[in-house]
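# Breakdown of the fold
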Amino acid sequence: MATVVDAHCISEGSYKETNHYAVSIRGSGIRYKPGDSMGFYPTNDEDLAKHTLRAIGAKKNVVVETKETGKIELFDALLNRFTIHRAGKKFLSAVVSKMKKGKDKDELKEILEDRDKTDKYLFTRDCIDILNEHPVHFEPQEFIDTLSPITPRLYSISSSPKVHPGEIHLTIAIVKYNNFDRDRFGLATGHLAKEVEVNKTKIPVYVQPTKEFILPKDKSKDIIMVGPGTGIAPFRAFIEHRKATEATGRNWLFFGEVNQDSTFFYNDEWAEYMKGGDLDKLTTAFSRDQEDKIYVQHRLLSNAKEIWEWLENGAYFYVCGDKQYMAKDVHKALIEIAEKEGKMKKKDAETYINQTLMKDEHRYLRDVY
Ligand SMILES: Cc1cc2nc3c(=O)[nH]c(=O)nc-3n(C[C@H](O)[C@H](O)[C@H](O)COP(=O)(O)OP(=O)(O)OC[C@H]3O[C@@H](n4cnc5c(N)ncnc54)[C@H](O)[C@@H]3O)c2cc1C
Ligand SMILES: NC(=O)c1ccc[n+]([C@@H]2O[C@H](COP(=O)([O-])OP(=O)(O)OC[C@H]3O[C@@H](n4cnc5c(N)ncnc54)[C@H](OP(=O)(O)O)[C@@H]3O)[C@@H](O)[C@H]2O)c1
């Protein structure tokens, strides 16, 4: 159980909420290195758990039993052990099986038979929404049997243990949205955004070590870091650590966010590092400060010649952040750079990036989610 010792917003003035947190691991025996992630077991919002209890018309202290928990009071299970902020397919199937024959049941059945339709339906609803639309009765045990256990969330650590001994720092984008006129939050990020009281709140954590996403052993090697959004997290740790360990290799950071004024995370720290010569190059891409989107991969391409020189000179290339779009686009940009600056055919450029740089030399490393 780690006490939260700092929590502040680093996106003041933005429509987005991204927060910096620090938790104390002093005396716990927990150790970490730059590149590692921290796992956090969140619990549900208390009002949501109460509301869910009301929706199934059950008493809070009735005892249920599950293979994950053994015997447990229903409210304890709803608050601490099972996912209730989003409904699952198992719950929806149980509702359908309990509904009376008719048009409503047929419609829901049709949704259940199509994976995309099911995902779309469940994307916006929790159990309360579904029970409001289709009131059916669940016994407490039946209800619990339809839920999935809460799983831990991972966060890339944004501090070096050499610079912040006894602490783990995190850079977290809060997931929030509104459906059916109710404000909703991601489970873990909602918990952090709403519940945390600095120096009071304790959260259950563990460290998930990385084998691959590590700094070069040879401290004279240059590193290029591409970390838009919360992808910046491990690179704050890397730069802190390189400075603290007097690494002589050069550091080049690519950062991207929506607006320079409100979402230039850790701007003051980068300015200090640049002044002290600990950060050699900082290249930014603010996507919404002009009409056309500018992303980190555009900046990589406009710096292609120099990137290629760094790579030829043995530099390591790191990417962290969005897996679905950003990491794929950055990957394509790297291949384009190898093609253009390395004067390779497309196929050879792909082999160089996918095989030589990534698999053989372990110089292209990713932490994407
Ligand atoms: C290795 C690793 C490192 C990571 N590092 C970081 C990090 O450093 N910082 C960070 O912020 N995150 C990081 N993440 C992501 C993090 O683990 C969580 O996935 C994230 O914080 C969301 O968790 P949550 O419990 O708040 O949201 P959840 O309750 O899990 O909900 C998220 C879901 O909400 C859905 N959603 C979003 N908007 C809407 C909407 N309008 N309507 C309906 N549904 C919606 C999304 O589709 C998403 O599936 C990392 C993940 C991994 C695997
Ligand atoms: N609601 C959610 O569940 C939710 C919300 C946000 C992020 N996420 C996920 O959380 C992770 C981190 O999010 P974050 O808020 O830190 O940052 P993010 O959403 O990844 O955004 C950071 C920057 O990357 C830009 N971007 C968008 N598409 C890109 C692309 N294809 N290539 C390069 N850059 C691109 C964004 O621009 P624009 O936004 O202007 O296009 C923004 O300037 C990601 O995995 C993301 O998918 C989830």
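Bear in mind that the values here come from a model prediction, so they are computed numbers and not experimental data.

With that settled, consider the overall build of the protein. What the protein contains, in helices and strands, is 15 helices and 16 strands. Oriented by its inertia axes, the alpha-carbon framework of the protein measures out at about 70 × 50 × 40 Å. Sorting the 369 residues of the protein into buried and exposed places 34% on the buried side. When contacts within the protein are restricted to residue pairs at least 6 apart in sequence, long-range pairs at least 24 apart make up 73% of them.

Strand order in the open sheet made by the three strands is β6-β3-β11, with antiparallel pairing throughout. Looking at which strands have only one partner, the edges of the open sheet turn out to be β6 (153-156) and β11 (205-208). Taking each pair of neighbouring strands and ignoring which way they run, the sheet shows an average axis angle of 30°. Sheet topology note: the strand β3 (residues 37-40)/β6 ladder contains four bridges and is antiparallel. Counterpart to Met38 in the pairing with β6 is Tyr155.

Near ligand 1 there are 23 residues, and of these Tyr177, Gly186, Ala188, Thr189 and Tyr369 occur at the shortest range. Elements with a contribution of two residues or more to the shell around ligand 1: β6, β7 (167-173), β8 (176-179) and α8 (187-195). Tallied by class, residues from the shell around ligand 1 come to eleven nonpolar, ten polar and two charged.

This paragraph deals with the nonpolar core. Across soluble globular proteins, nonpolar side chains have a tendency to be buried as a group. If you look at the biggest cluster of nonpolar residues, it comprises 60 residues, and the most contacted ones within it are Leu170, Ile224, Met225, Val226, Tyr318 and Val330. Take this core: its biggest share by element is seven residues, from helix α14 (residues 326-341). For this core, the domains that each give at least three residues are domain 1 (2-41 + 152-208) and domain 3 (223-368). In this structure, Met225 is in contact with Phe235, Phe238, Trp252, Leu253, Phe254 and Tyr318, ignoring residues within four places of it in sequence. One finds Ala49, Ile130, Phe138 and Leu147 within the second-largest nonpolar core, a separate group that totals 22 residues.

Next up on the list: unusual backbone geometry. Backbone geometry at Asp181 places phi at a positive 65°, although glycine is not the residue there. In this structure, Asp181 sits in the loop between β8 and β9 (182-185). A tally of 5 C-beta atoms within 10 Å means that Asp181 is categorised as exposed. Even without a glycine there, the phi angle at Tyr266 is positive, about 60°.

In this fold, Lys16 is placed in the loop between β1 (2-9) and β2 (18-24). Sequence separation between Lys16 and Lys176 is 160 residues, and the spatial gap between their C-alpha atoms is 9.1 Å.

Bringing the sheet that holds strand β14 (residues 281-286) into the picture now. Strands sit in the order β14-β13-β12-β15-β16 across an open sheet of five strands; the sheet is parallel. The outermost strands of the open sheet, each flanked by one partner alone, are β14 and β16 (364-368). Each neighbouring strand pair of the sheet contributes to a mean axis angle of 10°, computed without reference to strand direction. The pairing of strand β15 (residues 316-321) with β16 spans five bridges and is classified as parallel. Its bridge partner being in β16, Tyr318 is matched across the sheet by Leu365. Contacts from α14 reach β12 (223-226), β15 and β16 within the one sheet, and its direction differs from that of β15 by about 155°.

Relative to β9, β8 runs antiparallel, the two being bridged by four bridges. Opposite Tyr177, over in β9, you have Arg184 as the bridge partner. Hairpin connection of β8 to β9: two residues between the antiparallel strands, including Phe180 at a positive phi of 45°.

If you check the domain split of the protein, you get domain 1 (2-41 + 152-208), domain 2 (46-145) and domain 3 (223-368). Computed over C-alpha atoms only, the centres of domain 1 and domain 3 are separated by 24 Å. Of the residues lining the interface, 20 residues belong to domain 1; the matching set on domain 3 comes to 20 residues. If one sorts the elements of the side of domain 1 that touches domain 3 by residue count, β7 sits on top with four residues. Partitioned by chemical class, the residues of the side of domain 1 that touches domain 3 number seven nonpolar, ten polar and three charged.

To continue, consider the packing of α14 against helix α15 (residues 346-360). The contact between α14 and α15 brings their axes to 8 Å, and the two run at 120°. For the element pair α14 / α15, the angle class is oblique. Crossing angle aside, the handedness with which α14 passes α15 is right-handed. Along the contact surface, α14 presents Leu334, Ile335, Ala338 and Glu339, while α15 presents Lys346, Ala349, Glu350, Tyr352 and Ile353. Of the residues belonging to the contact of α14 with α15, the class tally is six nonpolar, no polar and three charged.

How each quantity is defined
All chains use their own residue numbering, which begins from 1 and follows the written sequence. Chain letters and ligand numbers both follow the written order, the letters beginning at A and the numbers at 1. Totals for whole chains, interfaces and linings use every residue, but because this is a predicted model, local features are given only for residues with pLDDT of at least 70 and side-chain atom pairs only at 80 or more, for both listing and counting. The way it works is that DSSP assigns letters per residue, a run of H or I at least four long becomes a helix, a run of E at least two long becomes a strand, and they are numbered from the N terminus. With C-beta atoms placed from the backbone, the exposure class of a residue follows from how many other C-beta atoms lie within 10 Å of its own: 20 or more, buried; 12 or fewer, exposed; in between, partly exposed. Contact between residues is assigned whenever the C-beta positions, reconstructed from backbone atoms, fall within 7 Å. By definition, two strands form a pair when at least two bridges between them are found by DSSP. Only C-alpha atoms enter the line fits that serve as axes; for helices the fit covers just the stretch in contact. Angles between N-to-C directions range over 0 to 180 degrees. Any residue qualifies as near a molecule or strand once its backbone-derived C-beta atom lies within 6 Å of it. Residue classes follow a fixed rule: Ala, Val, Leu, Ile, Met, Phe, Trp, Tyr, Cys and Pro count as nonpolar, while Asp, Glu, Lys and Arg count as charged, and any other residue, Gly among them, counts as polar. Defined on buried residues, the nonpolar core groups Ala, Val, Leu, Ile, Met, Phe, Trp, Tyr and Cys residues joined through C-beta atoms within 7 Å. Boundary definitions for the domains trace back to an automatic or database domain assignment. Working rule for angles: under 35 degrees goes down as roughly parallel, over 145 as roughly antiparallel, 65 to 115 as roughly perpendicular, anything else as oblique. A clockwise turn of the near helix away from the far one marks a right-handed crossing, whereas an anticlockwise turn of less than a right angle marks a left-handed crossing.

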